[in-house]
Amino acid sequence: MLTPTLPETKPIKLSVRNMAFSYGTKKVLDGLSMDIHAERVTAIIGPSGCGKSTFLKCFNRIHEVSSTVNVSGDMLIDGVDIYRGGIDEVDLRRRVGMVFQKPNPFPKSIYENVAFGPRLFGVTDRSSLDGIVEDALRKAALWDEVKDRLKESATGMSGGQQQRLCIARALAVNPEVLLMDEPCSALDPIATAKIEDLITDLKENLTIVIVTHNMQQAARVSDYTAFFWLGRLVEMDLTERIFTTPRVQMTEDYITGRFG
Amino acid sequence: MEAGQEPPFAATGAPVLQHSRFHRLSDRWAHLAFLACSLLVVGLIGGILFFLASRGLAAFWPVAGNTGRTLSLSEVFLSTDWAPSSDHFGIVPFIAGSLGVTGLALLIAAPAGILTGVFIAKLAPTWMRNLMRQVMDLLVGIPSVVYGIFGLTVVLPFVSGTWLAEAPASGFAVAALILAVMIVPTIVSLSTDAFESLPTSLDEGAQALGSSRWQAIWHVLIPAARPRLLTAAVLGLGRAIGEAMAVQMVIGNNPQWMALMRESTDRAPFLRALFTPAATLTTELVQELPNTPAGSPWNNVLFAMGLLLYLLTMVLILATRRLGRGKEA
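What counts, and at which threshold
Residues numbered from 1 in each chain as written. Chains lettered and ligands numbered in written order. Predicted model: local features only at pLDDT ≥ 70, side-chain atom pairs only at ≥ 80, totals over all residues. Helix = DSSP H or I, 4+ residues; strand = E, 2+ residues; numbered from the N terminus. Rg over C-alpha atoms; globule rule 2.2 N^0.38 Å. Buried ≥ 20, exposed ≤ 12 C-beta atoms within 10 Å, placed from the backbone. Contact = placed C-beta atoms within 7 Å. Pairing = 2+ DSSP bridges. Axes fitted to C-alpha atoms, helices over the stretch in contact; angles between N-to-C directions. Nonpolar A, V, L, I, M, F, W, Y, C, P; charged D, E, K, R; others polar.

Asks: A description of the overall build of chain B should follow, citing residues and the corresponding values.
Replies: Each helix and strand counted, chain B has 14 helices and 2 strands in total. Here the C-alpha radius of gyration of chain B, 27 Å, is well above what a compact globule of 329 residues would show, namely 20 Å. Relative to its full complement of 329 residues, chain B shows a buried share of 36%. Expressed as a percentage of contacts within chain B between residues at least 6 apart in sequence, the contacts between residues at least 24 apart total 76%.

Asks: Describe the sheet that holds strand E1 (residues 12-23) of chain A, listing the residues and the values that go with them.
Replies: Residue and element names in this part refer to chain A. The 4 strands are arranged E2-E1-E4-E5 in an open sheet whose pairing can be described as antiparallel. Looking at which strands have only one partner, the edges of the open sheet turn out to be strand E2 (26-37) and strand E5 (80-81). Alignment of E1 against strand E4 (residues 69-77), held across 8 bridges, turns out to be antiparallel. Bridged to Val-16 within E4 is Met-75.

Asks: Explain the sheet that holds strand E7 (residues 177-181) of chain A to me, using residue names and the numbers behind them.
Replies: Residues and elements named next belong to chain A. Spatially, E6-E7-E8-E3-E9-E10 is the arrangement adopted by the 6 strands of the open sheet, whose pairing is mixed. The outermost strands of the open sheet, each flanked by one partner alone, are strand E6 (96-99) and strand E10 (232-238). Strand-to-strand twist of the sheet, defined as the mean angle between neighbouring strand axes without regard to direction, takes the value 20 degrees. Where E6 lies against E7, 4 bridges are found, and the strand directions are parallel. Opposite Met-98, over in E7, you have Leu-179 as the bridge partner.

Asks: Which residues make up the pairing of strand E9 (residues 224-229) of chain A, and what are the values?
Replies: Residue and element names in this part refer to chain A. Extensive coverage of E9 is indicated by the burial of 6 of its 6 residues. What you see with E9 is no split at all: Tyr-224, Ala-226 and Phe-228 on one side and Thr-225, Phe-227 and Trp-229 on the other are buried throughout. Here strand E3 (residues 41-45) pairs with E9 via 4 bridges, running parallel. If you follow Ile-45 over to E9, its bridge partner there is Phe-227. By the bridge criterion, 6 bridges tie E9 to E10 in an arrangement that is antiparallel. Bridging from a neighbouring strand, Trp-229 pairs with Arg-232 of E10.

Asks: Let's hear about the interface of chain B and chain A: which residues, and what values?
Replies: Tallying the contact residues gives 16 residues for chain B and 21 residues for chain A. Contributions of two or more residues to the side of chain B that touches chain A are made by helix H8 (200-208) and helix H9 (213-241) of chain B. Top contributing element to the side of chain B that touches chain A by residue count: H8(B), with 8 residues. Here the side of chain B that touches chain A is composed, by residue class, of 6 nonpolar, 8 polar and 2 charged.

On their own, these measurements won't tell you what the molecule is for.
Below, the structure is given as structure tokens:
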């Protein structure tokens, strides 16, 4: 049994049942099942190449952008299948936002970066856009730093600011889920701490799934932790239990640094 | 040992290694040879400019060797009347012709080339991408006279047969079309490079926000590649403005085209202009330069036109450099 057993008051937002994933003939993920609760932070840890980023990208189908992939089993959002439930992928991506490993601001102004999503969905009115942009930047704890230079290019910001801008950009379309793919791996410790604080603030009304190779980070920010190994889910539990009393020996070996 | 001093080899007991005399000598010679070659190239380019300038400017100054009268700048650069046998040397029709035909060509080639670049870099399956790249590289190398033959024997008869039964079809429209076909491969190659050099994270980032493929291309990728796309267009423009052979074969070579336009009472003058036989700086040079006596005002003005072309191309090259630098800033 690989699901946590503590009483949980938050509903299940994302649900995965017997899911497998392959590129062509290469099977990358197999036999995955887990539940992800709303307004919780779920961390996915595991050694490089274990498929954790691939798994994350299945939730917004972003891997379909660059390659032909095959997903079997069920992946549900609010009980509706992401792949076969008739959800439009553009709508899916509006509901399931993503922050990438390396900050990827568009070569536009700070304002235009945040306004990009709302504009796509038809917001053209200047004052509504201004409101959305300010709100998103405040949520991403960036407003005070950039409010006087919204017209400046986003590529001139520091790496940490760029990543928070990317978070603001994702928040601007009011997503229900935020996927974060090693969001701090390109950042220094101070910028990392800011993003971690932000994650804790944001889970108030978001479901957050974060992939990280940094176990301290998983321990600091997440409520649940899932440990992946070679494309399979080894163990998933409340974070404090995973880090204190894991049930599987392999999890303990990984967490204590014996491999990985 | 003093800081910064290398320990002598001898101190370590190893044999002292030295280049032979021959090595040092041949290095000197190689250096001189490279220097001589580069000086030769620079000298040639400088020499051409000097030659063009001395002959071209002779139209406006009474210098030894001139056999006719000295012209004023305004009667050459501001007049549309080109009739050398009756002493009129206005080159405005050629300047307008060159700008018109290259502008039109770019209007066709730039959008087509850039969108093809997007297709090759971002949308085409791998096998097609490789094929298209090779085809584009081949097309860049086709001699312009081949495009000219195609225009003369296929496009012109087709256009006059289809739309303009009564008139010859030669003129800006067909010339621009042929030029566009000529420069499209250059623009495609460079814009494919531009799009391929963009990080995939931009594309992913846009689509992760809910952009469609097309919206990501239009709102993020094309703006991000803009400096390099401009460079591609300017390089295409540079190739188009200097092209003589292909254009000469289809444009009709009529230096009086502006006068003809003025007299026409057509209700759609722009459309009429597209199918009026015309001339450009390059076509006029090719047509007339061999038939004019050296030192005559006619001959000198042709050199002035050559000088003007040289300077125009130079400006375009400098503009490309500027744009190229803009992308790093």
